[in-house]
Amino acid sequence: MKKSVIFLFMAMVSWLGMNAELYNEMTYSKKSTTFSLVAQKAQSVQLNIYTDGTGGKPVKQVAMTKAGDGNWTAVVKGDLKGKFYTFNVTQDGKQLGETPGLFAKAVGVNGKRAAVIDLAATNPEGWEKDKALGYASTDIIVYESHNRDFSVSRKEARYPGKFLALTEPWAIEHLKNLGITAIHLLPSFDYASVDEEHLERPQFNWGYDPLNYNVPEGSYSTNPFKPEVRVSEFKQMVKALHDAGIAVILDVVYNHTMDIEHSNFQRTNPDAFYRKNPDGSYSDGSACNNETASDQPLMRQYMIESFNYWAKEYHLDGFRVDLMGIHDIETMNLIRQSLPKDVFIYGEGWSGGTCAYPIEKLAMKVNTYQMPGIAAFCDDMRDALRGPFNNDHESAFLAAKPGYVESIKAGIVGCIEHPQVDYAKVNYSKAPWTLQPTQMMAYVSCRGGNDSPQFLGTNCRVHFARCAVHAQW
């Protein structure tokens, strides 16, 4: 019986992947608001309504009703706009702890409570005419930037360290003068490590510690206490960049969560979103103490819906997938198929450690040819130009050091099969790994992290270029 239920649920999620939403957790109207939560093994789910985003006791508590397929629902009458809410799942006789849900689209300060807002009211003037720029089928020059670092030290910035800084004339002029066609924003979803209640204190993080995947980060807004502000200001930023002809690419980090115990995933569907080793321990392919299980139905569907939500609601032009090599090939292909063709997807074709999943089924660089329409970073060309990623004191081609020509040639042709490239002499890849040159991201420097000790300073200004060149020698 249990196997039949699991099979039916997986079939439902597989169908939903291309046809409907599983994670639509809050639907607002002035007359009533409908709440929904996927909690497969819950015994009960309690909905808590709050007046504020932090502190205080619930003004209303509602026992949600099980609607089948692990879905729980509740309808609360009246106009709840401006109110906050949490869910608390009981499983095996234990309350797992309050969460804003799995797929909150607006939250209060520090992301502990979800918010009831009217998303349409967050749209800036002219938003209905704004759309993605459609650069995915052309050459693209991408500039990587951290929202805070881009502007926090600029004297002319009216909104230093905020989304709105990228709407200011000096910022637009600076980006256009660089000659770029797109800006890649380091993680800008709601992340855990910065205390939004005390932004007067010196705090910093790149943002690779996910808390709420589908909400903009509050510390980059002018008021993290008002849920609609971060949403509206993110949209204003996107529109200003689009008006300047600059595409917007979001860095997405679905491969791990800040932790397991306190994550919204674990407090709603324990262990359903994470991979485990044969001995029952949690796998750590991210080098962040956990790795998510994109090969499992709930996480796969979650990623598909999340990519599409950002693309549709925020008019994004593309996604840079952090540690893409942790995700499975099938899920990445489903994501690609679900998005408009002009939305550009590229990522890191590696992991941060060993994953509890067959490597031949993972979206590693070597498997890029199995993912049409998805690109990966070319560390072959990067290290052939600058030197090995783990030694900043060793030079390479740029210092006229011999032995790197084939790696440079492979990068120039976009790592396709080519009669004038001897892959046996390429530094890392011993065989072609793309079907089209546009599946290779050419870059030279990186901001640091697991793949390089190099740190480029507080602004983390890095250029990537998508290779679309057929070369002859």
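Predicted model, so just to flag it, every value in this text is computed and none were measured. For every chain, the first residue of the written sequence is number 1, and numbering continues from 1 onward in sequence order. Thresholds applied to this predicted model are a pLDDT of at least 70 for local features of residues and 80 or more for the giving and counting of side-chain atom pairs; totals over whole chains, interfaces and linings are not thresholded and use all residues. As a convention, hydrogens and water are excluded, and side-chain values are obtained from all of the structure's heavy atoms.

**Considering the pairing of strand β5 (residues 65–68)**
Alright, step 1. Relative to strand β6 (residues 71–77), β5 is paired through three bridges, and the arrangement is antiparallel. The residue bridging K66 from the neighbouring strand is W72, located in β6.
Alright, step 2. Note on pairing: DSSP must find at least two bridges between two strands before they are called paired. Helical segments are the DSSP runs of H or I of at least four residues, strand segments are the runs of E of at least two, and each set is numbered from the N terminus. In sequence, β5 turns back onto β6 through a hairpin of two residues, with D69 there showing a positive phi of about 55°.

**Brief notes about the sheet that holds strand β1 (residues 26–28)**
Alright, step 1. With respect to topology, four strands assemble into an open sheet ordered β1-β2-β6-β5, the strand pairing being antiparallel. Each edge of the open sheet carries a strand with a single partner, namely β1 and β5. Across the sheet, the mean angle separating the axes of adjacent strands is 25° when strand polarity is ignored.
Alright, step 2. With seven bridges joining them, strand β2 (residues 32–38) and β6 adopt antiparallel strand pairing. From the neighbouring strand, V38 faces β6, where its bridge partner is N71. For helices, the axis comes from a line fit to the C-alpha atoms of the stretch in contact; other axes are also lines fit to C-alpha atoms, and the angle between any two N-to-C directions lies between 0 and 180 degrees.

**A look at the packing of helix α7 (residues 379–386) against helix α8 (residues 405–412)**
Packed helices, taken two at a time, are described by the angle between their axes plus the distance between the axes.
Alright, step 1. Across the interface, α7 lies against α8 with an axial gap of 8 Å and an inter-helix angle of 135°. As far as their axial angle goes, α8 and α7 are oblique. For the pair α7 and α8, the sense of crossing is left-handed. Contacts between α7 and α8 involve D380, M381, A384 and L385 on the former and, on the latter, S407, I408, G411 and I412.
Alright, step 2. Residue classes follow a fixed rule: Ala, Val, Leu, Ile, Met, Phe, Trp, Tyr, Cys and Pro count as nonpolar, while Asp, Glu, Lys and Arg count as charged, and any other residue, Gly among them, counts as polar. Here the contact of α7 with α8 is built from residues that sort into five nonpolar, two polar and one charged. Here is the rule for angles: anything less than 35 degrees is roughly parallel, anything more than 145 is roughly antiparallel, 65 through 115 is roughly perpendicular, and the remaining ranges are oblique. The crossing is said to be left-handed when, going from far helix to near helix, the turn is anticlockwise and less than a right angle, and right-handed when the turn is clockwise. Here, residues are in contact when the closest pair of their heavy atoms is within 4.5 Å.

**What to know about unusual backbone geometry**
Alright, step 1. With a phi angle near 65°, N110 is a residue other than glycine that sits in the positive phi range.
Alright, step 2. One can find N110 in the loop between β8 (94–99) and β9 (114–115).
Alright, step 3. Looking at N110, the relative accessible area reads 16%, which means it is buried. Between buried and exposed lies partly exposed: a residue is buried under 20% and exposed over 50% of the maximum accessible area for its type, with that area taken using a 1.4 Å probe on protein chains only.

**Digging into the environment of Y428**
Alright, step 1. Relative to the helices and strands, Y428 resides in the loop between α8 and β18 (440–443).
Alright, step 2. Sequence spacing of Y428 and M381 is 47 residues, and the spatial spacing of their C-alpha atoms is 9.4 Å.
Alright, step 3. Once residues within four sequence positions are removed from consideration, Y428 is found in contact with K365, D379, D380, D383 and F389.
Alright, step 4. Whenever two N or O atoms come within 3.5 Å, that pair is a polar contact, provided that in protein one can donate a hydrogen and the other can accept it, and provided that, for residues adjacent in sequence, both atoms are side-chain atoms. Among the polar contacts listed, one links the side chain of Y428 to the side chain of D383, at a separation of 2.5 Å.

**Things to note about the nonpolar core**
Alright, step 1. Buried Ala, Val, Leu, Ile, Met, Phe, Trp, Tyr and Cys residues form a nonpolar core when they are joined through side-chain atoms within 4.5 Å. Residues F35, L47 and F319 are the most contacted members of the largest nonpolar core, which totals 112 residues.
Alright, step 2. Considering each element in turn, this core owes the most residues, nine residues, to helix α5 (residues 297–313).
Alright, step 3. Excluding residues within four positions of it along the chain, L47 makes contact with F35, K60, Q61, V62, M64, A74, V76, Y85, T86 and F87.
Alright, step 4. Listed in part, the 17 residues of the second largest apolar core include A247, I326, L362 and F377.

**Considerations on helix α3 (residues 169–178)**
Alright, step 1. Listing the buried residues of α3 in full gives W170, A171, I172 and L175.
Alright, step 2. Residues of α3 that are buried make contact with β10 (141–145), α2 (147–151), β11 (182–185) and α4 (227–243).
Alright, step 3. At the exit of α3 stands G179, carrying a positive phi of roughly 80°.

**Topic: the packing of aromatic side chains**
Alright, step 1. Any two of the Phe, Tyr and Trp rings considered here, Trp counted by its six-membered ring, make a pair once their centres fall within 6.5 Å; the pair's planes then place it as stacked at under 30 degrees, edge-to-face at over 60, or tilted in between. Applying the stated criterion across every chain, the model contains 28 aromatic pairs.
Alright, step 2. For the ring pair F35 and Y85, a centre distance of 4.9 Å and an interplane angle of 65° mean the geometry is edge-to-face. Pair noted here: F35 is in strand β2 and Y85 is in strand β7 (residues 84–91), with a separation of 50 residues, a long-range link. A single burial state applies to F35 and to Y85, both of which are buried.
Alright, step 3. Ring geometry for F103 against Y302: centres 5.3 Å apart, planes inclined by 65°, an arrangement best described as edge-to-face. In this pair, F103 sits in the loop between β8 and β9 while Y302 sits in helix α5, placing the two residues 199 residues apart along the sequence. This pair shows no difference in class: F103 is buried, exactly as Y302 is.
Alright, step 4. Over the face of the ring belonging to Y50 we find R113, whose NZ or CZ atom lies 3.5 Å from the ring centre.
Alright, step 5. Over the ring of Y314 we find K235; its NZ or CZ atom is 5.7 Å from the centre of that ring. Note on geometry: a ring has a charge over it if NZ (lysine) or CZ (arginine) is within 6 Å of the ring centre and within 35 degrees of the ring normal.

Distances and angles like these do not, on their own, reveal function.
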